[in-house]
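A look at the structure
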Amino acid sequence: MPGTNLTRDEAATRAALLSVESYTIDLDLTVSDKVFASTTVLRFTCAEPGASTFADLVDASLHEVTLNGRTLDPAEVYRDSRLTLDGLEADNELRVHCELPYSHTGEGLHRFVDPVDDRVYLYSQFEVPDARRVYTTFEQPDLKSTFTFNVTAPEHWKVVSNSPSPAPEALADGKAVWRFEPTKPMSTYITALVAGEYHEVQHTYAGKHGDIPLGHYCRQSLVEFLDVDELVKLTEQGFAFFEEAFDFPYPFGKYDQLYVPEYNMGAMENAGCVTLRDEYLPRSRQPRSFYEFRCSVILHEMAHMWFGDLVTMKWWDDLWLNESFAEWACYHAEVEATEYTDSWTGFANARKQTGYRQDQLPSTHPIAADNHDLQAVEVNFDMITYAKGASVLKQLVAWVGLEDFQAGLRQYFKDFAYGNSEFKDLLAALEKASGRELGGWAQEWLQTAGVNTLAAEFEVDAEGRYSSLAVRQTAHPDWPTLRRHRIGVGLYDEVDGRLVRRHYLETDVEGELTELPELVGQQQPALLLLNDSDLTYAKIRLDERSLATVVDGLSKLDDSLARALVWGATWDMTRDAEMRASDFVALVLRNIGTETDSWGVSRIPTYAAQAVNHFSAPAHRNDLRAEWERGLRELLGAAEAGSDHQLTFARSYAAIAHSDAAVADLEALLDGSLTFEGLAVDQDLRWVLLTSLAASGVAGDDRIDEELARDHTISGQEHAAAARAARPDAEAKAAAWEAAVTKTDTPNETQRSIILSFQRPGQDEVLAPYVEHYLTAADDIWERLGTQRASTALEFIFPRQLASAELLARVDAWLESSPANPAAKRYVREGRADVARALAAQELDARR
Ligand SMILES: [Zn+2]
């Protein structure tokens, strides 16, 4: 039974048989608020007349199916989300008329009503296989075609798709039809439809190959937050960079960016019709890291216009390459073309850490995963795909050199434009451009899982000079591959109160032990930094002297990227139970006040909070919580007025606040009796404060209702749901659980807000019953809630803070006996691994 699955073999068979000429898709969005009408006319040829195939369509109420004029009986041909098509001719026309439901999970055609003004907003989200929830498809990336959309909608709506929006033709009853021109050849998953009462702004970018119309769209209630000048500036900087770097004109005519509600991911690279989550138009003060990230998202999607949309993977095996490339390209472009010139530092402080974490979970997999079917794609689409993949491409660029890398790419775009390719095609282009054999490199880096650890081994002579120095490479026994790494090695001395780099060496590391004879005779520095410049993807260890140097004064290190490597190394050591959680917290408190990288400032306190709440020994956790709370209060008081530090420390302080004094501070910030110069207690910060008071049991439903009355937006509703879920009483937890885990119609973003707020430190007693509730729910949650909501719930509502040997044993028993599907079990196994890691860290931390 295929269900909604599709195997690689089935797709290959279908691609060998068919060639798709065109889709004509008529959608009527005026049927009701529950369903829309969809009529698809699919023209395609068949290489073997008489053969059979199938088309894809999910959840349809079919009215009519005809193949080459023959009427087919839906009851006979429509099963398991497929339409069986027998007796194909050389030239075929399939016509399918049906009704389909709107989505509230962000998959398919999502429908949203803004609570502020009751206006209606729709948008599609199709990757990986959800175009078949909106029209009849051959749902696989290598059956490219042109698409002609005709959309009937209320006449006052905006209707946007991959082709430029035509003038609507009026129909009766306040309706109109938008007849779009056919698209360029593309895959189904990057087609798109966005419709509703959107606000629209148009600009034109004069590029080196001609004009590109730039549209920006958002909900009416967000118009005041659409900082369109900034968005246009970044978009133009991106186009100028990519058209030059890729040496290929932007392929899809116009470029619209639509900020849409209740969006599951950051954004989606629909050709010429990019959708982005509308939280990127913030209504409250945000730190620079927020804007840096938004810029990287904008550039990531733009890079996909070439890498992904123009040249598309043949099958989802190369999804990693699609994402890793866009990820690498966006940071590269940010550095080269925008004001975010140190975004690789931000990458190291935040994004890259998610890759390291994912790669050390039992579910890790090679970057180039074997995606034999769509279910495997679901299991293998994670931060290995994005963060590790981008890190490894960065290493590849260091390995072949940027110029050759770029030359290979340019040829690749020309060779495969509007077609499909596989990784080997890119590799061949890069080998040709660089003259380097890359098959072995790809094998080591892409076809094996796990992260290596690099540590220095040395001897020092009587004068304090290295008499030997080598890099030792190790690997986890389950993932034993040792790799070739291009790395930098930095030697830093303390000079006039600063840590200054005296010597830098770039070299190749290979195998277990690599001698560095070039550095023999150098005076042992205060800090020896492996992977300086962050060229490779590996965990690094600091030797004893280097660790002492940074604990004492990391802030003396001027280079933000070098600091990011040290932050990363110490956080790794904490996670690996090689550095006490208490020591990591002390390191953060001592040095975060002077950190300058925007991501460092906003992300590192969250690592420290994790160390406090999960990695500290239970016996003295209360002391460490108090120390962290006190330290943040001091940092908040000392932070520069209006700085990102001030905002971040205020948020972090609110997150930990539990003492009477701290709770009183939060109340006083809310009522205005406590102020910090430059710190605006705006709506989103009000919610942070109130949610913390709710978690402490100080603020109840009445206070949350009151706040919601001030902020009756979808964002307010989501914050209110989170605040209620945070409350430490059994009734509140039961209601939150019902909404987020039991009910099947809670909108995706509301559900996520509840889930993220549910598990709280210091609430062990009220949360204890939810171990069993979690495991029971996990048995069938995937089937009940669907991919998006099930994965959110399983990952983030796992009872991590109840870490104990008993919890491990209970989870093990469940893993043995549960009928849950592999995708669901994966999240449970990951939660278990986090608990095991926390217990080891707690044991180390107890020894102080
Ligand atoms: Zn992407």
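For the structure, check the block above.
Let me begin by describing the structure that accompanies this report. Here the residue numbering is sequential within each chain, running from 1 through the sequence in written order. Residue-level local features of this predicted model are given only where pLDDT is at least 70; pairs of side-chain atoms are given and counted only at 80 or more, and the full residue set underlies all totals for whole chains, interfaces and linings. To get the side-chain values, all heavy atoms of the structure are used, and hydrogens and water are removed first.

1. Points about the sheet that holds strand β9 (residues 108-113)
Just so we agree on the cut-off: The rule for pairing is simple: two strands pair if DSSP sees at least two bridges between them. A run of H or I in DSSP becomes a helix once it reaches four residues, and a run of E becomes a strand once it reaches two; helices and strands are each numbered from the N terminus. Orientation is described by lines fitted to C-alpha atoms, with helices fitted over the stretch in contact, and by angles between N-to-C directions that extend from 0 to 180 degrees.
Strand order across the open sheet formed by four strands is β9-β10-β15-β12, with antiparallel pairing between neighbours. Unpaired on one side and paired on the other, β9 and β12 (158-161) mark the two borders of the sheet. Neighbour-to-neighbour, the strand axes of the sheet open up by a mean angle of 10°, direction not taken into account. Here three bridges tie strand β10 (residues 120-125) to strand β15 (residues 193-196), and the two strands are oriented antiparallel to one another.

2. Quick notes on the pairing of β9
Test applied: Only protein chains enter the accessibility calculation, which uses a 1.4 Å probe; a residue is then buried when its area is under 20% of its type maximum, exposed when over 50%, and partly exposed in between.
Of all six residues making up β9, five are buried, and the element is well covered by its neighbours. What sits between β9 and β10 in their antiparallel hairpin is a turn of six residues, with D118 showing a positive phi close to 60°.

3. What about the coordination of the zinc ion?
What counts, and what does not: Counted as donors are N, O and S atoms no farther than 2.8 Å from the metal, or 3.2 Å for Na, K and Ca; water is not among the atoms, and sites may therefore look incomplete.
Here the zinc ion is held by the protein donor atoms H300 (NE2), H304 (NE2) and E323 (OE), which lie 2.0 to 2.1 Å from it. Each donor residue of the zinc ion belongs to the same chain, and together they define the spacing H-x3-H-x18-E. A residue pair is termed long-range when its members are at least 10 positions apart, and H300 in helix α4 (residues 288-306) and E323 in helix α5 (residues 319-337) qualify at 23 residues. On the basis of relative accessible area, E323 is assigned to the buried category, the value being 1%.

4. Examining unusual backbone geometry
Of the consecutive residues E127 and V128, the connecting peptide bond is found in the cis state with omega at 10°. Positionally, V128 belongs in the loop between β10 and β11 (146-154). With a phi close to 60°, D173 is a non-glycine residue in the positive phi region. Among the structural elements, D173 can be located in the loop between β13 (169-170) and β14 (175-179). The phi torsion at D496 lies on the positive side, around 50°, for a residue other than glycine. Along the chain, D496 falls in the loop between β25 (485-495) and β26 (498-509).

5. Re the packing of aromatic side chains
Heads up, the condition is: Only rings of Phe, Tyr and Trp enter the pairing, Trp through its six-membered ring, and a pair is recorded when the two centres are within 6.5 Å. The plane angle decides the type: under 30 degrees is stacked, over 60 is edge-to-face, the rest tilted. When the NZ atom of lysine or the CZ atom of arginine is within 6 Å of a ring's centre and also within 35 degrees of its normal, the charge is said to sit over that ring.
In total, this model carries 50 aromatic pairs according to the counting rule given. A cation over a ring is seen here: R436 above W399, with NZ or CZ 4.6 Å from the ring centre. A cation over an aromatic ring shows up here: K733 above the ring of F758, its NZ or CZ 5.0 Å from the ring centre.

6. Re the sheet that holds strand β20 (residues 273-277)
Threshold: For this analysis, residues touch if any pair of their heavy atoms sits within 4.5 Å.
The sheet built from five strands is open, its strands ordered β16-β17-β18-β20-β19 with mixed pairing. Pairing within the sheet leaves two strands with one partner each, and these edge strands are β16 (199-207) and β19 (267-268). When strand β18 (residues 255-260) meets β20, the two strands line up parallel, connected through five bridges. Bridged to L258 within β20 is T275. Contacts from helix α3 (residues 228-245) reach β16, β17 (210-218) and β18, with the element oriented near 145° to β17.

7. Here we look at the side chain of T792
Heads up, the condition is: As used in this structure description, the phrase polar contact means that two N or O atoms lie within 3.5 Å; if the pair is within protein, one of them must be able to donate a hydrogen and the other to accept it, and residues adjacent in sequence are counted only when both atoms belong to side chains.
Looking at the element boundaries, T792 is found in helix α26 (residues 781-796). On the basis of relative accessibility, which here comes to 7%, the residue T792 falls in the buried class. Polar side-chain contacts of T792 include one of 3.0 Å to the backbone oxygen of Q788. In contact with T792, other than residues within four places in its own chain, are Q751, R752, I755 and I797.

8. Focus on the packing of helix α22 (residues 730-742) against helix α23 (residues 748-758)
Note the following rule: Working definition: roughly parallel below 35 degrees, roughly antiparallel above 145 degrees, roughly perpendicular at 65 to 115 degrees, and oblique for all remaining angles. Left-handed describes a crossing whose near helix is turned anticlockwise from the far helix by less than a right angle; the clockwise case is right-handed.
Where α22 contacts α23, the two axes come as close as 9 Å, and the packing angle between them is 135°. With respect to each other, α22 and α23 are oriented oblique. Classified by chirality, the crossing of α23 by α22 is left-handed. On α23, the residues that touch K733, A736, W737, A739, A740 and V741 of α22 are Q751, I754, I755 and F758.

The values reported here are purely geometric and, on their own, carry no functional implication.
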